[in-house]
Amino acid sequence: MKPKFRSPSLVAFGKFLVISVIVLLLFYTFLYNPPCDKYSDLSSPVEIKWSNSSKTMDYPTNISYIKFVLVGSLKTWKKRRPYIEAWWRPNETRGNIFMDSPPSKEFLPWPVTSPPYQLNEDVTKLPVYPKLANPIEARIFRSVLDSFKLGDNKDVRWFVMADDDTIFFVDNLVEVLAKYDHTKHYYVGMYSEAVISNFLFSFDMAYGGAGYALSYSLVEELAPLMDDCLERYPFMHTSDHLTSSCLSDLGVGLTVERGIHQIDLVGDISGLLSSHPISPLVTLHHFDSINPIFPSKNRSESIQHLMKAAKIDQSCLLQQTICHHRPTNWSFSVSWGYSAHIYENIIPRSVLRKPLETFGPWNNKARPPLYMFNSRWPSTDPCEAPHVFFMDSIKKMENNVVLTTYNRTSPRNLQPCSSSGNHSAESITKIQVFLQATARKEAGRIECCDVQYVAGMDVANVKLRACINGEVIA
């Protein structure tokens, strides 16, 4: 039997059909199927997102776009009012402090120097109320919802939640939030300094006392779901744990900003403040649980004193600058606007950037590791123990120069360091630091400095400057 041969025209037509089908399939696939990562937020594991402080966003934010949701109690208001009024800017900052009961006659008329007060909705009327493990925290948790429902949300880009004993550094807060796109879902905050706190609650939870920020688009989605969340988690004991869990269920993870401080520490936190991370200082919390941060001042006076530097340049506040004076083998560490240290030895920056453990753990029964950062033990070795100075005054001078003066508050009471050639710094009573404040310091960048000191004098001068490319601080 002879084989049958197909005509060339039929073969060509068949190839044309096959190619056409393939092209149509490819066209359909790319046109009607979005990239797989478009919907990946809710299906992928929740992860902590570390902020990129060098990244800038084309979404300019100023203070008028931020709405504060502060939570207080009438019982604590008298004591904590000075904390809020130290940073609140009437007619500039916006938001409310939510109280658990109407102000008594003692607090009326309500001062314009404080945030306008609002009463929280009555949580006792919620169906879930009998099952709540901690109704007070449910009130705090719903404060964002109460604020959202007030309706005065025109141009709001961020809701910022905090306690009434939280100190904000508003200019730095604006700079931090300006990095992020408020039209997307962002939950910006910081975990606790204490390992035990994070272990008991969550390592990827923003602590409400330290403060956290929620983008408007996120609050818009979260608000109608908050009471459902209470129904889901009535057993939770803290508002920040509730918030973190609800956001996790929405697929939103924590974006970490290291300048937000819960201060789950006790005692003298000068060691921490003298070695602040390379991040803008945004908040400080728990002032009632720590010693006053300046010697010879009470807590309110200490905050007001720190704010003197904050009013001049928040971008430099508490930023650590380290340099060496080779003729005396001394190391200088300046935490601008707060403290200065002299070490009678050449010590690398990698060591001095670790906080001195002048403080204690929040839970005195906790076992090591205690902290979420590396620290140094205070030493009686004269080559390791610093001479400590605290900011006494600040003033603007000609040509945009800012002079901060740091005074010794007590003698070190140790012999000179023998390895430095017995160059004692005990005679120095004052350190003057000169800052050329022409623009805000770039976040994430350290500065360097030069020391001017004449042997036998009781004053040392330190001039801050930009680091030279490749400059090693060791």
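Residues numbered from 1 in each chain as written. Predicted model: local features only at pLDDT ≥ 70, side-chain atom pairs only at ≥ 80, totals over all residues. Heavy atoms only, no water.

### Some points on the layout of surface pockets
Alright, step 1. By volume, the largest pocket is sized at about 880 Å³.
Alright, step 2. Of all the secondary-structure elements, those providing two or more residues to the lining of the largest pocket are helix 3 (74-85), helix 4 (135-141), strand 5 (158-163), helix 7 (195-200) and helix 10 (239-249).
Alright, step 3. Considering every element that reaches the lining of the largest pocket, the biggest residue donor is helix 4, with five residues.
Alright, step 4. Considering only residue class, the lining of the largest pocket consists of 18 nonpolar, 15 polar and twelve charged. (1 Å grid on protein atoms, 1.4 Å probe; cavity = no way out; pocket = protein on both sides within 12 Å on 5 of 7 lines; lining within 4 Å. Points joined across faces, edges and corners; volume = space filled by probe spheres on them. Helix = DSSP H or I, 4+ residues; strand = E, 2+ residues; numbered from the N terminus. Nonpolar A, V, L, I, M, F, W, Y, C, P; charged D, E, K, R; others polar.)

### Re the state of the cysteines
Every disulfide links exactly two cysteines, by a covalent bond between their sulfur atoms.
Alright, step 1. Considering all chains together, one arrives at four disulfides under this definition.
Alright, step 2. The disulfide partner of C448 is C467, and the gap between their sulfur atoms is 2.0 Å. Between C448 and C467, the disulfide has an S-S torsion of 100° and is therefore right-handed. Taken together, the residues C448 in strand 19 (residues 448-452) and C467 in the segment after strand 20 (459-465) connect sequence positions 19 residues apart.
Alright, step 3. Exposure remark for C448: the relative accessible area of 1% places this residue in the buried category. (Disulfide = S-S within 2.5 Å. Buried < 20%, exposed > 50% of the residue type's maximum accessible area, 1.4 Å probe, protein only.)

### Describing the pairing of strand 19
Alright, step 1. Alignment of strand 19 against strand 20, held across five bridges, turns out to be antiparallel. Bridging across to strand 20, Q452 finds its partner in N461.
Alright, step 2. Connecting the antiparallel pair strand 19 and strand 20 is a turn made up of six residues, with G456 showing a positive phi of about 90°. (Pairing = 2+ DSSP bridges.)

### What about unusual backbone geometry?
Alright, step 1. Cis geometry is adopted by the peptide bond preceding P109, which originates at L108 and carries an omega value of 0°.
Alright, step 2. On the secondary structure map, P109 appears in the loop between strand 3 (94-99) and strand 4 (117-119).
Alright, step 3. Cis rather than trans, the peptide bond between P368 and P369 has omega equal to 0°.
Alright, step 4. Summarising the element assignment, P369 is placed in the loop between strand 15 (359-361) and strand 16 (387-396).
Alright, step 5. One non-glycine residue with positive phi stands out, namely N91, at about 65°.
Alright, step 6. Within the secondary structure, N91 is located in the loop between helix 3 and strand 3.
Alright, step 7. Despite not being glycine, H286 shows a phi value in the positive range, around 60°.

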